[in-house]
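Structure assessment
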Amino acid sequence: MNFNMDLVIQSFPLLLLGAGITVQITAISVGLGLIIGMFVGIARISHVKPLSFLAAVYTDFLRGTPLLVQIFLIYFALPLILDQRVDPFFAAITACGINSGAYIAEIFRAGIQAIDDGQMEAGRSLGMTWVQTMRYIIIPQAFKNIIPPLGNEFIALLKDSSLVSVIGFEELTRRGQLIIARTYGSLEIWLSVAVIYLVMTLAISRLVAYMEKRLKTT
Amino acid sequence: MIDIKDLRKSFDDHEVLKGINLHINPQEVVVIIGPSGSGKSTLLRCMNMLEIPTSGRVVVDGIELTGEANINKARAEIGMVFQRFNLFPHMTVLENIVLAPMKVRKISREEAEQTAKRLLAQVGLADKAAAYPPQLSGGQQQRVAIARALAMNPKVMLFDEPTSALDPEMVKEVLDVMKSLVNKGMTMAIVTHEMGFAREVGDRLLFVDEGQIIEQGPPKEVFDHPKEERTKLFFSKIL
């Protein structure tokens, strides 16, 4: 067996481009997931029964089916309904976004439920509405609590985004595949890909730890 | 000011309030005492709908809370102080106080802050405006909580065991603030275990047990000459 270091060095710029795209889908998906997750998480605990039921269906469906199948549903099945081709980038961020929305909804729900009931009572006793109390009192406090699990979700999604390579979207994993198809350098390229993922996830976990520390002091 | 008719409240099968009738006059100070689990806190919490009564009528300042009234508007007129303070830990003391006046009453920040500073001075905490609640002692937190409730300029103040979570040496500073409110003529309903305070400031003492008002009257009379057996038994255990 020989390890071709030159191949690693030659391929690196291409892989980094792919890594950039991986970060991009992950960031957009988490952003989308945050918005979805916040509303679904709040809907889940609201006293409006149909709302909490719908939110439960949403989270159960998306957490109970594989992301890969969800990607296929959006990329291959949705076009049959829309009668129109779906762009791979759109499919990637939609699938990852609504999927992570379900996980983030559960993170939000737990974060909100961890806030003492007395906070809601105090807000309401002052004449504020449920929405005002959520917005100014509960959610800002919940945000602090959920930063660590949100960081974990970000890391999980960064890794799971490799699944969108199956629809030909050229993020890091797909770039690796393409280079190997040309060079047969499985060992060098997959190792490089793994190392790049590792560096990214380590960087995120450091960043989260730093944010957690900063938020604690305020 | 507060009018309660045949108020009942059940949690699942357990009836906590069994038909309470109570009328509180403007500027009256009513102190509610009773054993734990007697329903006294639930009674107080029904006065601003933190607990929704199972049946009966609650009217505060002419607004029937048990009817179709806008509950948020009604609550703005009813201040509440909790046993565990329930200050907002992520906001400074000043922010705690100005939040509701700005969001509910829609008054300007300048005006709200002016009022807040005046109230902080009134409760003896003028220098703590920029502090965060967790940095304060229990007694200080409870005084901020009183200032927060007062900032809405309420017509009634409800106190739910305001000194029960405090270290003994901090009870007095909170009771002193409450006394100053009594002297200003605030209408107050107070659930408490502080019998000396009840005797001193109460216009009327209510003894509640098993979801009913067992006995009521001027505090001195009830304390010194209780008529009901259950009241006597309760006093014999605590005094």
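Residues numbered from 1 in each chain as written. Chains lettered and ligands numbered in written order. Predicted model: local features only at pLDDT ≥ 70, side-chain atom pairs only at ≥ 80, totals over all residues. Heavy atoms only, no water.

It is worth spelling out the overall build of chain B at this point. Counting secondary structure elements, chain B contains nine helices and ten strands. Dimensions of chain B along its principal axes, counting C-alpha atoms only, are 55 × 45 × 30 Å. Looking at chain B residue by residue over its 239 residues, the buried ones come to 57%. Put simply, 64% of the contacts in chain B that link residues at least 6 apart link residues at least 24 apart. As displayed, chain B has an accessible area near 10,400 Å², and 47% of this comes from carbon and sulfur atoms. Between the mean site of the 30 positive side-chain charges and the mean site of the 32 negative ones, chain B shows a separation of 3 Å. (Helix = DSSP H or I, 4+ residues; strand = E, 2+ residues; numbered from the N terminus. Buried < 20%, exposed > 50% of the residue type's maximum accessible area, 1.4 Å probe, protein only. Contact = heavy atoms within 4.5 Å. Areas by Shrake-Rupley, 256 points an atom, 1.4 Å probe, with all protein chains shown as cover. Lys, Arg positive; Asp, Glu negative; His and termini not counted. Charge placed at Lys NZ, Arg CZ, Asp CG, Glu CD.)

Before going further, it helps to spend a moment on the sheet that holds strand 5 (residues 63–64) of chain B. Read from one edge of the open sheet, four strands run 2-1-4-5 (chain B), paired in antiparallel fashion. A single partner strand is all that each edge strand has here, and the edge strands are strand 2 (14–24) and strand 5 of chain B. (Pairing = 2+ DSSP bridges.)

Here we come to the packing of aromatic side chains. Summed over the entire model, instances satisfying the criterion amount to seven aromatic pairs over all chains. Taking the centre distance of 4.9 Å and the plane angle of 70° together, the rings of Tyr75(A) and Phe76(A) count as edge-to-face. Looking at Tyr75(A), the relative accessible area reads 16%, which means it is buried. With a centroid separation of 5.6 Å and an interplanar angle of 40°, the aromatic rings of Phe89(A) and Phe169(A) are classed as tilted. In this pair, Phe89(A) sits in helix 4 (residues 88–113) while Phe169(A) sits in the loop between helix 6 (130–160) and helix 7 (172–183), placing the two residues 80 residues apart along the sequence. The exposure class of Phe89(A) is partly exposed, given its relative accessible area of 27%. Owing to a relative accessible area of 12%, Phe169(A) belongs among the buried residues under this scheme. Among the aromatic residues, those joined into a cluster by ring pairs are Phe207(B), Phe223(B), Phe234(B) and Phe235(B). Seen from the ring of Phe88(B), Arg148(B) lies directly overhead, with NZ or CZ sitting 4.4 Å from the centre. (Phe/Tyr/Trp six-rings, centres within 6.5 Å; stacked < 30°, edge-to-face > 60°. Lys NZ or Arg CZ within 6 Å of the ring centre and 35° of its normal.)

What follows deals with the nonpolar core. In a soluble, globular protein the nonpolar side chains are often hidden away together inside. Within the largest apolar cluster, 53 residues are counted, with the highest numbers of intra-cluster contacts made by Ile4(B), Ile32(B), Met47(B) and Leu158(B). Top element by residues in this core is helix 6 of chain A. It accounts for eight residues. In this view, Leu158(B) contacts Ile2(B), Leu44(B), Met47(B), Asn48(B), Ile78(B), Gly79(B), Met80(B), Val81(B) and Ala189(B); residues no more than four positions away in its chain are not counted. Ranked by size, the runner-up nonpolar core spans 52 residues in total, among them Val31(B), Ile33(B), Val182(B) and Met195(B). (Core = buried A, V, L, I, M, F, W, Y, C linked by side-chain atoms within 4.5 Å.)

With that settled, the discussion passes to the sheet that holds strand 3 (residues 29–33) of chain B. All names here are of chain B. Read from one edge of the open sheet, six strands run 6-7-8-3-9-10, paired in mixed fashion. Strands with a single pairing partner mark the edges of an open sheet, and in this sheet they are strand 6 (78–81) and strand 10 (212–217). For this sheet the average axis-to-axis angle between neighbouring strands, irrespective of direction, equals 20°. Note: strand 9 (residues 204–209) against strand 10, five bridges, orientation antiparallel. Paired with Phe-207 across the bridge in strand 10 is Glu-215. Helix-sheet contacts for helix 6 (residues 168–183) involve strand 3, strand 7 (156–160) and strand 8 (187–191), and the interaxial angle to strand 8 is about 145°. Of the strands in this sheet, strand 3, strand 9 and strand 10 are in contact with helix 9 (residues 229–238), which crosses strand 9 at around 95°. (Axes fitted to C-alpha atoms, helices over the stretch in contact; angles between N-to-C directions.)

With that settled, consider the interface of chain A and chain B. Taken together, the contact between chain A and chain B spans 17 residues of the former and 24 residues of the latter. When the area that chain A buries against chain B is broken down by residue, the three leading residues are Glu121(A), Ser125(A) and Leu126(A), summing to 33%. Taken together, the connections running from chain A to chain B amount to one salt bridge. The salt bridge involving Arg45(B) is made with Glu121(A); its shortest N-O contact spans 2.6 Å. (Buried area = accessible area lost by both parts, 1.4 Å probe. Salt bridge = Lys/Arg side-chain N within 4 Å of Asp/Glu carboxyl O.)

Now for the layout of surface pockets. The gaps left among the atoms become clear once a water-sized probe is rolled over them. The calculated volume of the largest pocket comes to roughly 480 Å³. In terms of lining residues, the largest pocket is bounded by 17 residues, among which His47(A), Asp117(A), Met120(A), Glu121(A) and Trp130(A) are the most central. Of all the elements in the fold, those that place two or more residues in the lining of the largest pocket are helix 4, helix 5 (117–125) and helix 6 of chain A together with helix 2 (71–75) of chain B. When residues in the lining of the largest pocket are grouped by element, the largest group, four residues, is from helix 5 of chain A. (1 Å grid on protein atoms, 1.4 Å probe; cavity = no way out; pocket = protein on both sides within 12 Å on 5 of 7 lines; lining within 4 Å. Points joined across faces, edges and corners; volume = space filled by probe spheres on them.)

A large share of helix 3 (residues 93–103) of chain B lies buried, amounting to nine of its eleven residues. Along helix 3 of chain B, the residues that are buried comprise Val93(B), Leu94(B), Asn96(B), Ile97(B), Val98(B), Leu99(B), Ala100(B), Pro101(B) and Met102(B). Tucked inside the fold, the buried residues of helix 3 of chain B contact helix 6 of chain A together with helix 4 (109–122) and helix 5 (138–150) of chain B.

As a further point, take the confidence of the model for chain B. Interpreting fine coordinate detail is not advised for predicted regions of low pLDDT. Averaged over every residue, the pLDDT of chain B is 93; the share at 70 or more is 100%. Predicted complex, confidence summary: ipTM 0.91, pTM 0.82. (pLDDT = per-residue confidence, 0-100.)

Here the focus is the pattern of salt bridges. All names here are of chain B. Taken as a whole and assessed by the stated rule, the structure comprises 25 salt bridges over all chains. Arg-109 serves as the salt-bridge partner of Glu-95, at 3.1 Å between the closest nitrogen and oxygen. Here Glu-95 is found in helix 3, whereas its partner Arg-109 is found in helix 4, with 14 residues between them in sequence. What makes Glu-95 partly exposed here is its relative accessible area of 26%. Note on Arg-109: relative accessible area 33%, which makes it partly exposed. Of the charged contacts in the structure, one is a salt bridge between Arg-230 and Asp-209, with a shortest N-O distance of 3.6 Å.

All names here are of chain A. Turning to its location among the elements, Gln-70 is positioned in helix 3 (residues 67–82). Taking the relative accessible area as the measure of exposure, Gln-70 reaches 3% and is therefore buried. Setting aside anything within four residues of it in sequence, one finds Gln-70 in contact with Phe-61, Leu-62, Thr-65, Ala-95 and Asn-99.

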